[in-house]
Amino acid sequence: MENSVLDLEVEVNGEETFAVNKKLICSYSSRISKLLGQSRYARGHLKVLFNDFPSGAECFEEILRFCYSNGEVDINPSNIASLYCAAYFMEMRETVLGSDNLYEKSVRFLEGIHDWSWPEVVAALKQCQHFVAMAFSSGIIDKFFNSIVSRVALPCETSPCSSFSSSSSSGFRLSCDTTSTESSKNTSLGATWWFKDLALLESTLIQILVKLMISRGMNHGILARFIFYYRKSQALYTTREEQIKTFETVIEMLDWLDIRTLSYKNLFTILTDASSLEISQRYMSRLEKIIGSELDRATLDSLLVPSPPGASYSYDVHLVLRLLQHFLSIEACTAPSNRLKKVASLIDMYLMEVAPDPCLDPSLFTDLIRAVPNSARESLDRKYASVNLYLEVHSDLSNEQKMDICSGLDYKKLSEKALSSLVPDKLPTCFQQNGILGSKRIELNTRKLDYHDESKQLKAELQLMERRAAKLEKICHQLEVQMHWMKISSFE
């Protein structure tokens, strides 16, 4: 009868108010006992307000049921997260009437987590999304993370296939029953069986999981595929604001991985999609830095990104210049590497694509011409061809603009064919006035004259050698005749 006295009210998260027996609830909860102890001199009606109780009024009702049933409770994977966090929040640690309190019982139940099925662990982790802060402070979420990471690291044949829920079992068995080799099972389909379940977690948990997987030495290529999968799965069912958050999360995680394991095609896809969502400049810069640092892996098609809305020119040249800047900040330009040479060749092809654009500003084209040092190229013929094409399309450029463009060319690295095709009318007048073009052609003609003189000299030397050879043949013939008559004379 004593416990039937309802002399305390507890309001939970503004959802519901419970009338409880003060003495009973205090015997189980040290937190409420402390709160009431601070108000021991207060008289009249007492009320406790909880604004951050984990799982809300429904979970508090489970706590009351535990208290009023002398510590009896059914703990299972579906309610362990909320009960554990509630017991932690209420400080339900003290033994009551010789029996363990709720916190000790929850801890003991968690010790058997290795026997749980995969869906049970995932469901328990997802439940923590409703009270993330408490799940972290109590430490329960770490237990779920560790269990999940240890399971996803298993090869396909030992992963928890039989534990999968019916909704995902068919897709999982397709991965497990494949007849591919052992290595491909562990690195491709067999290593991705967990993607669908974990991609549904909220961004904060996703980031922590990926960090933990990295620290455990998981394959960065698999993690990159999971991150791309997560981005696609979120794009289908989220609002614009949620998509922006997803992209920021994805960019953050990609920055943690070995860049060489990332799909370059997927990176450009993310870049294009992120641009359309107007992601913050901070994250766009991080993504461009990732892409730019591996620019030698790019293809011409990947660089042909349409210009942003409102721009008159066809392709986003500003983007390519920023990517180049990131790449060149890593690669030393003093001694061109194979990577830098690949990028130089790529930019030469890009120049040929953008040169015919009548709306491309001369200053942008000039920046692109000068971006990669000429030392990274063995020949500037393709670079000159793009300049020639640009000047044909933009025939109304001033002499100063032409000069800026042509200053990016080193005529010493042009082939004879390219030099002979130079058209004076297309080049700045100062090139002709200063004799640059003429000197190059004189040099070419002089080189041809030198070849002609050398050819004549060689021909004369050959003729002299032929005359000497004929004279030697004549002398040899005379000696043979003399020796023949000497042999005859000796027999007589």
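Visitor: Give me the overall build of the chain: which residues, what numbers.
Guide: On a plain count of helices and strands, the chain comes out with 25 helices and 3 strands. Taking all 492 residues of the chain together, the buried fraction comes to 43%. Long-range pairs, those at least 24 residues apart, make up 69% of the contacts in the chain between residues at least 6 apart in sequence. By element, 53% of the accessible surface of the chain is carried by carbon and sulfur atoms, the whole surface being about 26,600 Å².

Visitor: Please set out the nonpolar core residue by residue, giving values where relevant.
Guide: Counting 138 residues, the largest nonpolar core has Phe144, Trp194 and Leu198 as the members making the most contacts within it. Ranked by residue count, the leading element in this core is helix H4 (residues 80-90), at 9 residues. In this structure, Trp194 is in contact with Trp118, Val152, Met213, Met218, Ile222, Leu223 and Phe226, ignoring residues within four places of it in sequence.

Visitor: Account for the pattern of salt bridges, with residues named and values stated.
Guide: The final tally for this structure, using the stated rule, is 14 salt bridges. Among the ionic pairs, Glu62 bridges to Arg65, the shortest N-O distance being 2.7 Å. Note that Glu62 and Arg65 are positioned in helix H3 (residues 56-68) at a spacing of 3 residues, about one turn of the helix. A salt bridge links Arg297 to Glu294; the shortest N-O distance between them is 3.7 Å. Residue classification places Glu294 among the buried residues on the basis of a relative accessible area of 11%.

Visitor: Would you mind going over H4 in detail, with residue names and values included?
Guide: For H4, a buried count of 10 out of 11 residues is recorded, marking the element as mostly surrounded by other parts of the structure. Where H4 is concerned, the buried positions are Ile80, Ala81, Ser82, Leu83, Tyr84, Cys85, Ala86, Ala87, Phe89 and Met90. With its phi angle positive at about 55°, Glu91 sits one or two positions after the end of H4.

Visitor: Please provide a residue-by-residue account of the sheet that holds strand E3 (residues 47-50), values included.
Guide: Ordered by their spatial adjacency, 3 strands build an open sheet running E2-E1-E3, and the pairing between neighbours is mixed. The two strands at the open ends of the sheet, each matched to only one other strand, are strand E2 (16-20) and E3. The mean inter-strand angle of the sheet, taken between neighbouring strand axes irrespective of direction, is 20°. In this structure, strand E1 (residues 8-12) lies alongside E3, joined through 4 bridges in parallel fashion. The residue bridging Val12 from the neighbouring strand is Phe50, located in E3. Along the sheet, H3 contacts E1 and E2; its crossing angle with E2, the most-contacted strand, is approximately 10°.

Visitor: Before we move on, could you go through the environment of Glu61 and cite the residues and values that matter?
Guide: Residue placement: Glu61 occurs in helix H3. Considered as a pair, Glu61 and Phe18 are 43 residues apart in the sequence and their alpha carbons are 8.4 Å apart.

Visitor: Tell me about the side chain of Asp197, and please be specific about residues and values.
Guide: Looking at the element boundaries, Asp197 is found in helix H11 (residues 195-198). Buried charge without a partner: Asp197 forms no salt bridge, and the closest opposite charge is Lys126, 5.0 Å away. Here Trp118 takes part through its side chain, which lies 3.2 Å from a polar atom of the side chain of Asp197.

Visitor: Break down the pairing of E1 for me, citing the residues and quoting the values.
Guide: Of the two faces of E1, the one holding Leu8, Val10 and Val12 is buried and the one holding Glu9 and Glu11 is not buried anywhere. The pairing of E1 with E2 spans 5 bridges and is classified as antiparallel. Along E2, the bridge assignment pairs Val10 with Phe18. Between E1 and E2, which pair antiparallel and follow one another directly, the connecting turn spans 3 residues, one of which, Asn13, has a positive phi of 55°.

Visitor: Let's hear about the confidence of the model for the chain: which residues, and what values?
Guide: Of all residues in the chain, 79% have pLDDT values of 70 or greater, and the mean over the chain is 82. Here residues 161-187 is modelled with pLDDT under 50, and outside its nearest four sequence neighbours on either side it reaches 36 contacts, counting other chains as well. Note that pLDDT drops below 50 for residues 432-436; the model gives that stretch 6 contacts with residues more than four away or on any other chain.

Visitor: Describe the side chain of Arg286, naming the residues involved and giving the relevant values.
Guide: As for its placement among the helices and strands, Arg286 is situated in helix H16 (residues 281-292). In this structure the side chain of Arg286 is engaged in a polar contact, spanning 3.0 Å, whose partner is the side chain of Asp255.

Visitor: Before we move on, could you go through the packing of helix H12 (residues 203-215) against helix H13 (residues 220-235) and cite the residues and values that matter?
Guide: Look at H12 against H13: their axes get within 11 Å of each other, and the N-to-C directions meet at 170°. Between H12 and H13, the angle falls in the class roughly antiparallel. Across the interface between the two elements, Ser203, Ile206, Val210, Met213 and Ile214 of H12 pack against His220, Leu223, Phe226, Ile227 and Tyr230 of H13. In terms of residue class, the contact of H12 with H13 is made up of 8 nonpolar, 2 polar and no charged.

Visitor: Tell me about the packing of aromatic side chains, and please be specific about residues and values.
Guide: Counted under the stated rule, the structure contains 18 aromatic pairs. Between the aromatic rings of Tyr88 and Tyr103, the centroid separation amounts to 6.5 Å while the plane-to-plane angle is 45°, which identifies the pairing as tilted. With Tyr88 in helix H4 and Tyr103 in helix H5 (residues 102-110), this pair connects stretches of sequence that are 15 residues apart. For Tyr88, a relative accessible area of 27% translates into the label partly exposed. An aromatic cluster is built from Phe18, Phe50, Phe53, Phe60 and Phe89, whose rings are joined through pairwise contacts.

Visitor: Any chance you could break down the environment of Leu24 for me, citing the residues and the numbers?
Guide: As for its placement among the helices and strands, Leu24 is situated in helix H1 (residues 22-28). On the basis of relative accessible area, Leu24 is assigned to the buried category, the value being 9%.

Visitor: Can you break down a nonpolar patch on the surface residue by residue, with the values?
Guide: Taken together, the side chains of Leu458, Leu462 and Met465 define a hydrophobic patch exposed on the protein surface, amounting to about 310 Å² of accessible area. Within the element layout of this structure, Met465 appears in helix H25 (residues 436-491). Given a relative accessible area of 53%, Met465 falls into the exposed group.

The rules behind the values
Residues numbered from 1 in each chain as written. Predicted model: local features only at pLDDT ≥ 70, side-chain atom pairs only at ≥ 80, totals over all residues. Heavy atoms only, no water. Helix = DSSP H or I, 4+ residues; strand = E, 2+ residues; numbered from the N terminus. Buried < 20%, exposed > 50% of the residue type's maximum accessible area, 1.4 Å probe, protein only. Contact = heavy atoms within 4.5 Å. Areas by Shrake-Rupley, 256 points an atom, 1.4 Å probe, with all protein chains shown as cover. Core = buried A, V, L, I, M, F, W, Y, C linked by side-chain atoms within 4.5 Å. Salt bridge = Lys/Arg side-chain N within 4 Å of Asp/Glu carboxyl O. Pairing = 2+ DSSP bridges. Axes fitted to C-alpha atoms, helices over the stretch in contact; angles between N-to-C directions. Lys, Arg positive; Asp, Glu negative; His and termini not counted. Polar contact = N/O pair within 3.5 Å; in protein donor to acceptor, adjacent residues only side chain to side chain. pLDDT = per-residue confidence, 0-100. Parallel < 35°, antiparallel > 145°, perpendicular 65-115°, else oblique. Nonpolar A, V, L, I, M, F, W, Y, C, P; charged D, E, K, R; others polar. Phe/Tyr/Trp six-rings, centres within 6.5 Å; stacked < 30°, edge-to-face > 60°. Patch = residues over 30% accessible without salt bridge, like charges linked within 9 Å, V, L, I, M, F, W, Y side chains within 5 Å.

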